[in-house]
Amino acid sequence: MAGYLLRRFWHMVLTLFAMATLMFFLFRLLPGDPTATVISPSLYPKAQEAMRQQFGLDRPLFEQYLLYLRNLLVLDFGFSFQTNRPVFEMIQGRLLNTLLLILPSMFAAYLLGAVIGAIAAWKRGSAGEVGLVFTATALQSAPLFWLGMLAILLFSIKLDLFPIGHIVTPGLFPEQDWRMYLSADFLHHLALPFLVNTLYQLCFPLLLMRSTMLSTIGEDYIELARMKGLSERRVLFGHAARNALLPLATTLPMILGWAVAGSVVIETVFSWPGLGLLMVEAISRADYPVAQAAFLLIAVLTVFGTFIADLLCGLLDPRIVYA
Amino acid sequence: MLPSDTHPLLSITGLAVSYGTPRGPASAIADLSLEIGKGENLGLIGESGCGKSTLLKAVMGVMPDNARIAAGRIAFQGRDLVAADAGFRRSVRWAGISMVTQSALNALNPVLRVGDQIAEAIRAHRDVSRAEAWRRTEALLTMVGVAPERARDYPHQFSGGMRQRAIIAMALALDPPLVLADEPTTALDVVVQDQIFQSLRALQQRLGFSLLLVTHDLALVIENCERVAVMYAGMIVETGPTRDVIRRPTHPYTLGLKNALPRLGSRDEPIAIPGGPPDLTDPPPGCRFAARCPFALPLCRTEPPALTTVAPGRQARCHRAAEIDALAPLAALPQTWDALRDAPR
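Residues numbered from 1 in each chain as written. Chains lettered and ligands numbered in written order. Predicted model: local features only at pLDDT ≥ 70, side-chain atom pairs only at ≥ 80, totals over all residues. Heavy atoms only, no water.

S.K.: Which residues make up the packing of aromatic side chains, and what values go with them?
M.R.: This model, assessed by the stated rule, comprises 13 aromatic pairs over all chains. Ring centres 6.1 Å apart and planes at 45° place the aromatic pair F62 of chain A and Y65 of chain A in the tilted group. Here Y65 of chain A and F62 of chain A lie together in helix α3 (residues 61–73), a separation of 3 residues that amounts to about one turn. Residues F186 of chain A and W272 of chain A carry aromatic rings whose centres are separated by 5.9 Å and whose planes lie at 40° to one another, so their mutual orientation is tilted. Note that F186 of chain A is positioned in helix α8 (residues 184–217) and W272 of chain A in the loop between α10 (232–269) and α11 (275–284), a separation of 86 residues in sequence. Taking relative accessible area as the criterion, W272 of chain A reaches 0% and is therefore assigned buried. Against the face of F88 of chain B rests R79 of chain B, its NZ or CZ located 3.6 Å from the ring centre. (Phe/Tyr/Trp six-rings, centres within 6.5 Å; stacked < 30°, edge-to-face > 60°. Helix = DSSP H or I, 4+ residues; strand = E, 2+ residues; numbered from the N terminus. Buried < 20%, exposed > 50% of the residue type's maximum accessible area, 1.4 Å probe, protein only. Lys NZ or Arg CZ within 6 Å of the ring centre and 35° of its normal.)

This is the structure:
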């Protein structure tokens, strides 16, 4: 087990190294001069040259790359072109906002999806099940931004139940510290994006759980469990659902990746100041250090999610042995 | 004396089960009657698809959604299970009638410990603590010849024989008066098969349960059951003491089965019964075996024979049961069956 963890960790490091390298060269391949936003072409050529030297842009590309890797190791992502603040500092708070929205929402989506999917399989053929599958398929195919806009239109504008965006009422918490996250105002702002994201993300685990359950229900051990005189609930959740969870666990990293990527959409629609929105802002303002760091962070989260899912699989299926 | 003691342990009368299919209902079991007494071993034999498994499912009350009991009763200790409410049915499952299933590999849930799967059966019926159920589980495994510490293992860590033993331990967990065994050893090699049956018989001596052994292996029935019922296309065609039925069958189908059994020291090739079972969505109006029977008369194709007593304790469902002594020597000849093969109708 320790050996497996070590090897798995090493793989993670390699993957992230490859990601970082790709990111570095991709940004250098972008058309135009990204430094133009900071080093204004209207400056004297001498001044421009001096600034290039200061940023290390006069050195060979490979040397720049090594410098970039060294800085990554000490979590130094450089300074934002736009605000001149350290990128690391800017990202920290944004990451927390994203995780506060995405993680509970994914947790709820997976939990509800598994339970509802299991019950749907049990009630196969009933009118309720047919309606549920239709709705889930439709929801899953709908664009997330459109769902978000509809939700804002209905719940925020028509019914006036929720604010139309932002993390708290502007001006209420000038310090933006931990008190903000514990306030009712924060929860009130969190509710609608949370619900929309959960509803959207719920469809995949629900449909997957239902279809795996359907094949599990036909297994001999389900019939035996029933013959043992176990209650239907016990047969459903203790035996059938327990087995159907396995494919769900393997898809978790994929879904986490989608969710983080999806945070770009949901955060933009709800003006949620998270990592996704930061990324959009950074790209539209050509703030490359920030965009680069945000991309990298999303990669880290996805790789880490895959790792967690691997461990989860071994926990759920005794046939998997880490060697 | 309890009133239930005056009844046979399990008594099935006039049972009919049909499956809903796209082509109409298929009559999987028709007019089936069986009786098993206390401590008795009954072998139920028949080819694949003859309704053996359907019968077991009907008795256990776990029939698929498209199956329906059209007629008859299944009385356990005198109480009808067909008409019983769900609560009573559930209490009879496992505590009254348990089952050793076919293919122990798929019958055990791969992600749960073997011991937990046995213990949960105990806890579903008895109000005992987890620790107590676990102790009982370990004792059961010891009883069937599996080391008790293996209770913590998962099914994939068990060999095929051990899995089957675990299933037997599970079946005996609540000391049921009746155990159904559905092809319990088909997936195992002959040596293990023999070991399993030896311990099953030893356990039966000790615990006194009755056994309904369902199989397509005539040899197993001969070795293990004092009475046998032969099933064909959803009906019992012959029943009686195993020795008598094998020595002197009174139904052409049983004669055919006996022919298909390879005999040690005999140079004769086993003879197969030509053809296949009838389409049960449209069963023939007369005898269900008539199309494959070398002795079928015109009467057999129009008039269904009834199960009649041919000798004390023996019944057969054949219009020509009385002439069987004259027909049996013919049935031992390959050309009798070949004639059918050459002229299929």
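S.K.: Tell me what's going on with the environment of T215 of chain B, and back it up with residues and numbers.
M.R.: Residues and elements named next belong to chain B. Residue position: T215 is located in strand β8 (residues 210–215). C-alpha separation for the pair T215 and E183, spaced 32 residues apart in sequence, amounts to 4.8 Å. What T215 contacts, discounting residues up to four positions off in sequence, is L44, I45, G46, K52, E183, L220 and V221. (Contact = heavy atoms within 4.5 Å.)

S.K.: Tell me what's going on with the sheet that holds strand β7 (residues 178–182) of chain B, and back it up with residues and numbers.
M.R.: Residue and element names in this part refer to chain B. An order of β6-β7-β8-β3-β9-β10-β12-β11 is seen for the 8 strands of this open sheet, with the pairing classed as mixed. With one partner strand each, in any of the chains shown, β6 (97–100) and β11 (308–311) form the two edges of the open sheet. Strand-to-strand twist in this sheet, taken as the mean axis angle between neighbours without regard to direction, amounts to 25°. Pairing of β7 with β8, which is carried by 5 bridges, proceeds in the parallel orientation. Each residue of the ladder has a partner; that of A181, found in β8, is L213. On top of the sheet, helix α6 (residues 160–171) reaches β6 and β7; it is set at about 180° to β6, its chief contact. (Pairing = 2+ DSSP bridges. Axes fitted to C-alpha atoms, helices over the stretch in contact; angles between N-to-C directions.)

S.K.: Could you give me a rundown of the packing of helix α1 (residues 2–29) of chain A against helix α12 (residues 288–316) of chain A, with the residues and numbers involved?
M.R.: Angle between the axes and distance between the axes are the two parameters that describe a pair of packed helices. Residue and element names in this part refer to chain A. Between α1 and α12, whose axes approach to 10 Å, the crossing angle comes to 155°. By the angle class used here, α1 and α12 are roughly antiparallel. With respect to the hand of their crossing, α1 and α12 are arranged in right-handed fashion. Looking at the contact of α1 with α12 residue by residue, the class counts come to 18 nonpolar, 3 polar and 3 charged. (Parallel < 35°, antiparallel > 145°, perpendicular 65-115°, else oblique. Left-handed = near helix turned anticlockwise from the far one by under 90°. Nonpolar A, V, L, I, M, F, W, Y, C, P; charged D, E, K, R; others polar.)

S.K.: Any details on the packing of α10 of chain A against α12 of chain A? Residues and values, ideally.
M.R.: Residue and element names in this part refer to chain A. Viewed as axis vectors pointing N to C, α10 and α12 meet at an angle of 175°, and their least axial separation amounts to 8 Å. Taken together, the axis directions place α10 and α12 in an arrangement best described as roughly antiparallel. Contacts between α10 and α12 involve R242, L245, L246, A249, T250, L252, P253, L256, G257 and V260 from the first element and I298, L301, T302, G305, T306, A309, L312, C313 and L316 from the second. Residue composition of the contact of α10 with α12, grouped by class: 13 nonpolar, 5 polar and 1 charged.

S.K.: Quick rundown of the pattern of salt bridges? Include the residues and the values.
M.R.: For the structure on display, the rule yields 19 salt bridges over all chains. The shortest N-O distance in the salt bridge between R59 of chain A and E63 of chain A comes to 3.8 Å. Taking the relative accessible area as the measure of exposure, R59 of chain A reaches 40% and is therefore partly exposed. Looking at E63 of chain A, the relative accessible area reads 38%, which means it is partly exposed. When the shortest N-O distance is used, the salt bridge between E47 of chain B and R292 of chain B registers 3.1 Å. You can see E47 of chain B sitting in the loop between β3 (41–45) and α1 (52–60) and its partner R292 of chain B sitting in the loop between α10 (252–259) and α11 (298–302), a full 245 residues away along the chain. (Salt bridge = Lys/Arg side-chain N within 4 Å of Asp/Glu carboxyl O.)

S.K.: Describe in detail the environment of A124 of chain B, supporting the description with residues and values.
M.R.: By the secondary structure assignment, A124 of chain B is in helix α4 (residues 114–125). Along the sequence, A124 of chain B and W94 of chain B sit 30 residues apart, while their C-alpha atoms lie 9.5 Å from each other. Those residues in contact with A124 of chain B that sit more than four places away from it in its chain are G229 and L230 of chain A together with R90 of chain B.

S.K.: A description of helix α12 (residues 324–331) of chain B should follow, citing residues and the corresponding values.
M.R.: Residue and element names in this part refer to chain B. Within α12 the residues assigned to the buried category are I324, L327 and A331. Along the long axis of α12, the arc covered by the buried residues comes to 65°, so they all point the same way. Exposed side of α12, more than 90 degrees from the buried face: D325, A326 and P329 are the residues found there. (Arc of directions from axis to C-beta.)

S.K.: Describe in detail the interface of chain B and chain A, supporting the description with residues and values.
M.R.: With 25 residues of chain B at the interface, the matching set in chain A holds 20 residues. Across the chain B-chain A interface, the total number found is 3 salt bridges. Two residues, K228 of chain A and E120 of chain B, come together in a salt bridge whose shortest N-O distance is 3.0 Å. At the junction of chain B with chain A, the criterion picks out 11 residue pairs in polar contact (both at pLDDT 80 or more). Those elements giving two or more residues to the side of chain B that touches chain A turn out to be α1, α3 (104–107), α4 and α6 of chain B. In terms of residue count, α4 of chain B provides more of the side of chain B that touches chain A than any other element does, 5 residues in total. (Polar contact = N/O pair within 3.5 Å; in protein donor to acceptor, adjacent residues only side chain to side chain.)

S.K.: Just give me the short version of the sheet that holds strand β4 (residues 67–76) of chain B, but keep the residues and values in it.
M.R.: Residue and element names in this part refer to chain B. Strand order in the open sheet formed by 4 strands is β2-β1-β4-β5, and the pairing between neighbours is antiparallel. The open sheet terminates on both sides in strands that have one partner only, identified here as β2 (24–36) and β5 (79–80). Taken together, the 2 bridges between β4 and β5 define a ladder with antiparallel strand orientation. Residue pairing in the sheet places A75 in a bridge with D80 of β5. Lying on the sheet, α1 is in contact with β1 (10–21), β2 and β4; it crosses β1 at an angle near 110°.

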